[in-house]
Amino acid sequence: MEEDCCATQLIYRDGEFNSSGLDRFVKEVKLAECGLSYAVVAIMGPQSSGKSTLLNHLFHTKFREMDAYSGRSQTTKGIWIAKCVGIEPCTIAMDLEGTDGRERGEDDTTFEKQSALFALAVSDIVLINMWCHDIGREQAANKPLLKTVFQVMMRLFSPRKTTLLFVIRDKTKTPFEYLEPVLREDIQKIWDGVPKPQAHKSTPFSDFFSVEVVALPSCEEKEEKFKEEVAQLRQRFFHSISPGGLSGDRRGVVPATGFSFSARQIWKVIKENKDLDLPAHKVMVATVRCEEIANQKFNQLVYDEDWLALEEAVQTGPVQGFGKRLSSILCTYLSEYDMEAIYFDEGVGNSKRQLLESKALDFVYPAYTTMMGHLRSKALEDFKVRLEQSLNRGGEFASSVRTSTQSSMLEFDKGCADAAIQLADWDASRVREKLKRDIDAHASSIRSAKLSELNINYEKQLSASLTGPVEALLETGGKDTWTSTRKLLNHETEVAVSEFSAAVAGFELDKDTSTKMMQNLRDYARNVVEKKAREEAANIMIHMKDRFSTVFNYDSDSMPRVWTEKEDIRSITKGARSASLKLLSVMAAIRLEEKPDNIEKLLFSSLMDGTVTVSSSQDRRIAASTYPLASSTWEGVSSKDTLITPVQCKSLWRQFKAETEYSVTQAISAQEAHKQSNNWWPPLWSIMVMFVLGLDEFMLLLK
Ligand SMILES: Nc1nc2c(ncn2[C@@H]2O[C@H](COP(=O)(O)OP(=O)(O)OP(=O)(O)O)[C@@H](O)[C@H]2O)c(=O)[nH]1
């Protein structure tokens, strides 16, 4: 079965353009797929001159023909189009309303002119249908038609060379060789008679048209012959657009997807009675169509299944092969655009492609940034794990950070390369910088934590190794207390510092930081000692009293004293006080620097040997200038190292003496009691005599 020609009314007689009909026609004959490979053939001629009949025979179309028996009257109104059946490439036939004015008013030639201009602007080949007997006739029916055609051709801003195929109907016995020159002469005469604008005054006819002539026998009288010759003519429409084909000039051709819009636009311009600038029109059609194609491709991209799947996947985590998948989706639509837009003006096509490209890239960019976010956080997390594992394996801190950073940055760079698309030069450097900053910050916080942990450990070690021994040394309060304390502090500090220094070597600290850390440790050790000394100094009264009671109540063999007459309480008291004062002198100041001082000497001379007793307030004022303990500082000792000021020493001493007074009094009483109990017994000699003489003689002797 032969395919349908889809005959459609394109323009109604009242000038209305059938847009929906044309769109339907374009779809049905699949015109949009043709690119530039299609041709348009129009037919003009006097009314009822057998135009529809010819087209139907020539192209197997089904335009309405007049019934042969009802007489010659108008059947084709307005403009019709149909697909030429079986002609390659796709060829569209356009049947124009006849130009005979019989059915319309004499002056009403506007539609004729408009449709002629339309046919010239849209078609590659225009068939001029004419009766053979009109050739050479002054009053020929086609004369006004040709005048019109030539006139409207001038209104095309820049002409395209249209093929005018004159079809001579009902040829007579007059040989064709005779007819053709006469016809060409007629044409030339008409052309010469047409008023031309200045620009075309001397343009030859052949610049506008290439003329072909063919003669056919009568369809009614020599039907078979007619069909035969029409079949031959039909052959000339095959591959009409190829070089040397019937449609010579293809410069003005509008790509098939733009045909519908272009035809509508041309008709609009014609109706508005404006001149037709075909090159400008072509650019306009290209602009509108390329934009439409670009929008269509963009909308398809937005709802593309692969895209939606990719976008969803990237929300939950990094997507392997992101760049490849995205590129492939974008390329699909860009190449589809290219395929459709290729036939349009190159400049317009390219600029609309760029717009489509940047719009599409803007659209997919958020997915790319999400992907980059995943890559960044994954690289950071992997860095944390790598660093921890490396440290757990005993790796040095700085080198572990270095290798873990390198691995993570490399991982990120690979991810970036995988996520990148060739179409866009999206810059990953800011994300990379942020990752580097995050990695550095994490490494630095771990370093701080590790260093402070180490620091705390060494501080604990110092506290443990210093507190107890220092306490013991200070409590002894001996001559060498501070020398020993100094030695102990120096030794423990050096041990801790050298161990700490070895432990932090792997951190590759800069010189300033490491010097500062060592100094902190030294300061800490010193602080431990100073703190202990302060604690001990705060309890000095208890210590002094303890010392006093130890020396006072126990003898040199640590045996409790019995207060017999033999005990020299005064001397023992002095010794005990002296030991306590010695303790006070040790605890009065911190002596961590090896520097001689006169504290002990001053205390002993003032408190043990001194005889000055200050009673009245006036005396106290005088004493302040002369009495050595009336001061809040020790000579040669800084206030920071002072634990007990001279004034405090003095008042402590007074209190100490008062509080130990009782022990001394008790001892004196005990000694007294001991003495008296010895007096109650008879003298030793009388007991001895009694023992030798016996009681009676002793009594006698007594008498
Ligand atoms: N003498 C003659 N008559 C023909 C020929 N071809 C068609 N006719 C007749 O001419 C009449 C008009 O035919 P159509 O094909 O409708 O003519 P048309 O030019 O399309 O007419 P409109 O569309 O009304 O302008 C019909 O009666 C046909 O039979 C031909 O080659 N010679």
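Scroll up to find the structure.
Model, not experiment: these values are computed from the prediction.

Some points on the packing of aromatic side chains
In step 1: This structure, assessed with the given rule, holds 22 aromatic pairs.
In step 2: Judged by centre distance (5.4 Å) and plane angle (50°), the ring pair of Trp191 and Phe208 falls under tilted. Pair noted here: Trp191 is in helix α5 (residues 176-193) and Phe208 is in helix α6 (residues 205-208), with a separation of 17 residues, a long-range link. As far as burial versus exposure is concerned, Trp191 and Phe208 are alike and both buried.
In step 3: Ring centres of Phe548 and Phe552 lie 5.1 Å apart, and the angle between their planes is 15°; this geometry places the pair in the stacked category. One end of the pair, Phe548, and the other, Phe552, are both in helix α17 (residues 540-553), 4 residues apart, so they sit about a helical turn from each other.
In step 4: Since its relative accessible area comes to 1%, Phe548 is described here as buried.
In step 5: With a relative accessible area of 0%, Phe552 lands in the buried category.
In step 6: Taken together through their ring pairs, the aromatic side chains of Phe150, Trp191, Phe205, Phe208 and Phe209 make up a single cluster.
In step 7: Lying across the ring of Trp191, Lys196 places its NZ or CZ 4.8 Å from the centre.
In step 8: The ring of Phe298 carries Lys359 above its face, with NZ or CZ at 4.3 Å from the centroid.

Let's talk about helix α2 (residues 51-59)
In step 1: Counted residue by residue, α2 has 8 buried out of 9 residues, so it is predominantly covered.
In step 2: For α2, the full list of buried residues reads Lys51, Ser52, Thr53, Leu54, Leu55, Asn56, Leu58 and Phe59.
In step 3: Residues of α2 that are buried make contact with β2 (38-44), β3 (79-83), β4 (90-96), β5 (125-131), β6 (162-169) and α7 (223-235).
In step 4: Once α2 ends, the next one or two residues include His60, with phi positive near 55°.

Topic: helix α9 (residues 278-302)
In step 1: For α9, built from 25 residues, the straight-helix expectation of 36 Å at 1.5 Å per residue is met to within 8% by its first-to-last C-alpha distance of 36 Å.
In step 2: For α9, the full list of buried residues reads Leu278, His281, Val285, Ala286, Arg289, Cys290, Ile293, Ala294, Lys297, Phe298, Leu301 and Val302.
In step 3: Looking at the buried side of α9, the elements it contacts are α3 (110-122), α8 (259-271), α10 (305-316), α11 (322-341) and α12 (346-392).

Overview of the sheet that holds β3
In step 1: Read across the open sheet, the 7 strands follow the order β1-β3-β4-β2-β5-β6-β7; overall the sheet is mixed. Each having just a single partner strand, β1 (8-11) and β7 (209-215) make up the two edges of the open sheet. Between one strand axis and the next, the sheet turns by 25° as a mean value, whatever way the strands run.
In step 2: Relative to β6, β5 is paired through 7 bridges, and the arrangement is parallel. For Leu127, the partnering residue across the bridge sits in β6 and is Leu165.
In step 3: The strands touched by α2 are β2, β3, β4, β5 and β6; relative to β4, the strand with the most contacts, the crossing angle is about 170°.

Overview of unusual backbone geometry
In step 1: At the junction of Glu88 and Pro89, the peptide bond is cis and its omega measures out at -15° in the coordinates.
In step 2: Within the element layout of this structure, Pro89 appears in the loop between β3 and β4.
In step 3: Despite not being glycine, Cys6 shows a phi value in the positive range, around 55°.
In step 4: Counting through the fold element by element, Cys6 comes out in the segment before β1.
In step 5: Although it is not a glycine, His239 sits at a positive phi angle of roughly 50°.
In step 6: For His239, the position within the fold is in the loop between α7 and α8.
In step 7: The partly exposed category is assigned to His239, whose relative accessible area is 48%.

Parameters and conventions
Sequence order sets the numbering: in each chain, residues are counted from 1 along the sequence as written. Owing to the predicted nature of the model, reporting of local features is limited to residues with pLDDT of at least 70; listing and counting of side-chain atom pairs is limited to 80 or more, with chain, interface and lining totals taken over all residues. Each side-chain value is worked out from all heavy atoms of the structure, with water and hydrogens disregarded. Under the pairing criterion, centres of Phe, Tyr and Trp rings, with the six-membered ring standing for Trp, must be within 6.5 Å; the plane angle then separates stacked pairs below 30 degrees from edge-to-face pairs above 60, leaving the rest tilted. A run of H or I in DSSP becomes a helix once it reaches four residues, and a run of E becomes a strand once it reaches two; helices and strands are each numbered from the N terminus. Three exposure classes are used, based on accessible area relative to the maximum for each residue type with a 1.4 Å probe and protein chains only: buried under 20%, partly exposed in between, and exposed over 50%. The criterion for a charge sitting over a ring is simple: Lys NZ or Arg CZ within 6 Å of the ring centre, and within 35 degrees of the ring normal. Throughout, a contact is declared for two residues whenever any of their heavy atoms are within 4.5 Å. Working rule for helices: expected span equals 1.5 Å times residues minus one. By definition, two strands form a pair when at least two bridges between them are found by DSSP. Here, axes are lines fitted to C-alpha atoms. For helices the fit covers the stretch in contact, and angles between N-to-C directions go from 0 to 180 degrees.

That is the geometry; function is a separate question.
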